[in-house]
Amino acid sequence: MPLDQQHLNPELLQWLASRQSTLKIVKTTTTPSGQTLDWVPFESQVAAAVKLASAPPTTLLPVRTEDAQRPVKLVGFELDDPKVERGPAGTVPILRPDLSRLTKTVALKDFHLKQGGALVNKDRPNKQPGDPNPAGYFHDTDSQSGTFYGWEGNLNVWDPSINNPAGPGDDHSILQVWLQNYDKPQLHSVEGGWTVDQSLNGDTNPHLFTYYTNNGYTSNGNNQGGYNALVTGWVQYSPTYYPGILLTPVSIWGGAQYEISMKWQLYKEPNTGVLNWWLAVNGNWIGYYPASLFSGGLENKVEWIGSGGEVDSSLANPAQTKDQMGSGWQAAAGWTKAAYLRNLRTQSNLNGTMANNSGVATTDIATSSGSDPYTIQMQMNSGGSWGSYFYVGGPTPAATTFNQITFNILTGGDDLRGDSSATATVKIGGGSQTFTLKAQSDPGWGNNSDHVKTFTIAGPAQPPSAFGNVTFTLTSHNSFPETDDNWNIQSVTITLNGPGGSTTLLTRSGNPFARLTGSSPSVTV
């Protein structure tokens, strides 16, 4: 059941009410996944004295290259479906944050905050004594300095496990690009990619994100910096694609691969000379940041571009984290097993001229004495269909097998009765094995209770590719005058364990994720 946010997060509720009061909402709709969209007139997003962009760039968007040996599909978006309700013509969607899904108190400054970009380029020339030095960040990136006016590439999409083990805050896992400028004492940054972040998105699925700062990550707020459209800065243009949108489907380890294409361009309006930082996703211009937000810095050019993975752990000792980056597997696992970024190119002038990225690999670890559980392997100017690309991720080493399976199941608002039983049937190595999560003789699983069950796999240890679909089944054992049991599964995380470590097989959550009943007793994931 939703928690009392008035008690848990009064500061966030006050901020949200204030934010909503500034939007000129024409219509509110709900997407199939449950996101709330407020539709506002395009021109209402900026003050009357501010001139809106007249049109997106005329530059040709990148054409996706196909490779028969490495087939990839683009992710889909909920508003691609014409049957999904939209706002009237002339309006654009603004995602309303869903605070009801928060499970702990989150300070307003932390809800907006993303300070890892202050650390991602260790060699930046404008470091200041008062710069943020946040703990818990890991980065594995492709790093390139120079003078640039944009970037484009394709980012492999996964659903990495986070908060493993759980810390006092919420962790996040990201694949992204940073475009930074160091002309001012406080660095400027524009960022985009996909993120798994429970506090930001309300779930542990990958979502598109944008972020900016014009004050070196020291504070967030209107015209200072922040995520998506949570603060003033981002101007939404597309009626279909928006920051915060759910990305689906995601890549499967050893199976189908999915990606998003992304392009950032500093574009000069031909009639007015006004500059804006435009973003395109999957070949569609979706919105922009006015370059005037970055006076004297990103307003004019980019001096450093980085792309790759970021993990933030809230553990007191971040070296203990098992949070996944990308697929959860290190770069050496390669195609269909490790996450990639491909066809990376940089823009060399305002006219839109593009060149292959020629960066070098850099890493940043959360603890100075610790090791980096995440890796990156780069192929710049490969000469093949992927151009400049790299694999990135972790913490699981490439050659690992597993002999145990662990189920972590959170029951929702409808319990699993004491006289009911529940099983999980897992396809393994061409066959299947069934594990009893709860026997009929076991005590019931109460509302909002968490249960962890670990089993040894029959036969030899197996690689993750040997594990297939998982079917959860509820069996009611009714006594007069009982009726069939109903069981809400709020979330489930399945972890594989072995001598070489552990990895998350899958994570699913919802409100509830699944409801099993007498007439519908099974769900397969």
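For the structure itself, consult the block above.
Since this is a predicted model, take the numbers as computed values, not measurements.

## Some details on the packing of aromatic side chains
For step 1, the next point in the chain: Considering all chains together, one arrives at 27 aromatic pairs under this definition.
For step 2, the next point in the chain: Relative to F455, the ring of F407 has its centre 6.0 Å away and its plane inclined at 70 degrees; by these criteria the two rings are edge-to-face. A residue pair is termed long-range when its members are at least 10 positions apart, and F407 in strand β21 (residues 404-411) and F455 in strand β24 (residues 450-456) qualify at 48 residues.
For step 3, the next point in the chain: For F407, a relative accessible area of 0% gives the class buried.

## Examining the sheet that holds strand β5 (residues 137-148)
For step 1, the next point in the chain: Ordered by their spatial adjacency, 7 strands build an open sheet running β10-β9-β8-β7-β15-β5-β18, and the pairing between neighbours is antiparallel. Looking along the sheet, the strands with just one partner apiece sit at the ends: β10 (225-227) and β18 (360-364). For this sheet, the mean inter-axis angle between neighbouring strands, taken without regard to orientation, is 20 degrees.
For step 2, the next point in the chain: Here strand β7 (residues 172-181) runs beside strand β15 (residues 302-312); their pairing, made up of 9 bridges, is antiparallel. Looking across to β15, one finds that Q176 is bridged to G308.

## Concerning the pairing of strand β4 (residues 91-96)
For step 1, the next point in the chain: Taking burial as the measure, the 6 residues of β4 include 5 buried ones, the bulk of the element.
For step 2, the next point in the chain: Pairing analysis gives 6 bridges linking strand β2 (residues 36-41) to β4, with the strands arranged antiparallel. The partner of V40 across the bridge, within β4, is V92.

## Focus: empty space enclosed by the protein
Empty pockets left among the atoms are what a rolling probe the size of a water molecule brings to light.
For step 1, the next point in the chain: Using the criterion set out here, one finds 1 cavity of 30 Å³ or more in the structure.
For step 2, the next point in the chain: Along the walls of the largest cavity sit T65, E66, D67, R70, P71, V72, R342 and W386, which together make up its complete lining.
For step 3, the next point in the chain: In terms of residue class, the lining of the largest cavity is made up of 3 nonpolar, 1 polar and 4 charged.

## Let's talk about the nonpolar core
For step 1, the next point in the chain: Membership of the largest hydrophobic core comes to 97 residues, with the highest contact counts inside it found for I260, M262, W264, W277, F407 and F472.
For step 2, the next point in the chain: Among residues more than four places away in sequence, those in contact with I260 are L74, V75, F77, G153, N154, L155, V157, G193, W194, L208, L247 and N282.
For step 3, the next point in the chain: L12, L187, Y217 and L230 belong to the second largest nonpolar core, which has 20 residues in total.

## Examining the side chain of R70
For step 1, the next point in the chain: You can see R70 is positioned in the loop between β2 and β3 (73-74).
For step 2, the next point in the chain: The buried category is assigned to R70, whose relative accessible area is 18%.

## Digging into the side chain of D38
For step 1, the next point in the chain: Its location among the elements puts D38 in strand β2.
For step 2, the next point in the chain: At 2.9 Å, the side chain of D38 forms a polar contact with the side chain of T28.
For step 3, the next point in the chain: Only 2.6 Å separates the side chain of D38 from the side chain of R96, close enough to count as a polar contact.
For step 4, the next point in the chain: Look past the residues within four positions of D38 in its chain and what remains in contact with it is Q20, L23, I25, K27, T28, V92, P93, I94 and R96.

## Let's talk about unusual backbone geometry
Comment: phi is negative for the bulk of residues other than glycine, and the bulk of peptide bonds are trans.
For step 1, the next point in the chain: For the bond running from N164 to P165, omega is -5 degrees, close enough to zero to count as cis.
For step 2, the next point in the chain: Tracing the backbone shows P165 in the loop between β6 (150-156) and β7.
For step 3, the next point in the chain: The phi torsion at N228 lies on the positive side, around 50 degrees, for a residue other than glycine.
For step 4, the next point in the chain: Its place among the elements puts N228 in the loop between β10 and β11 (235-236).
For step 5, the next point in the chain: Unusually for a residue other than glycine, N381 sits at a positive phi of about 50 degrees.

What counts as what
Residues numbered from 1 in each chain as written. Predicted model: local features only at pLDDT ≥ 70, side-chain atom pairs only at ≥ 80, totals over all residues. Heavy atoms only, no water. Phe/Tyr/Trp six-rings, centres within 6.5 Å; stacked < 30°, edge-to-face > 60°. Helix = DSSP H or I, 4+ residues; strand = E, 2+ residues; numbered from the N terminus. Buried < 20%, exposed > 50% of the residue type's maximum accessible area, 1.4 Å probe, protein only. Pairing = 2+ DSSP bridges. Axes fitted to C-alpha atoms, helices over the stretch in contact; angles between N-to-C directions. 1 Å grid on protein atoms, 1.4 Å probe; cavity = no way out; pocket = protein on both sides within 12 Å on 5 of 7 lines; lining within 4 Å. Points joined across faces, edges and corners; volume = space filled by probe spheres on them. Nonpolar A, V, L, I, M, F, W, Y, C, P; charged D, E, K, R; others polar. Core = buried A, V, L, I, M, F, W, Y, C linked by side-chain atoms within 4.5 Å. Contact = heavy atoms within 4.5 Å. Polar contact = N/O pair within 3.5 Å; in protein donor to acceptor, adjacent residues only side chain to side chain.

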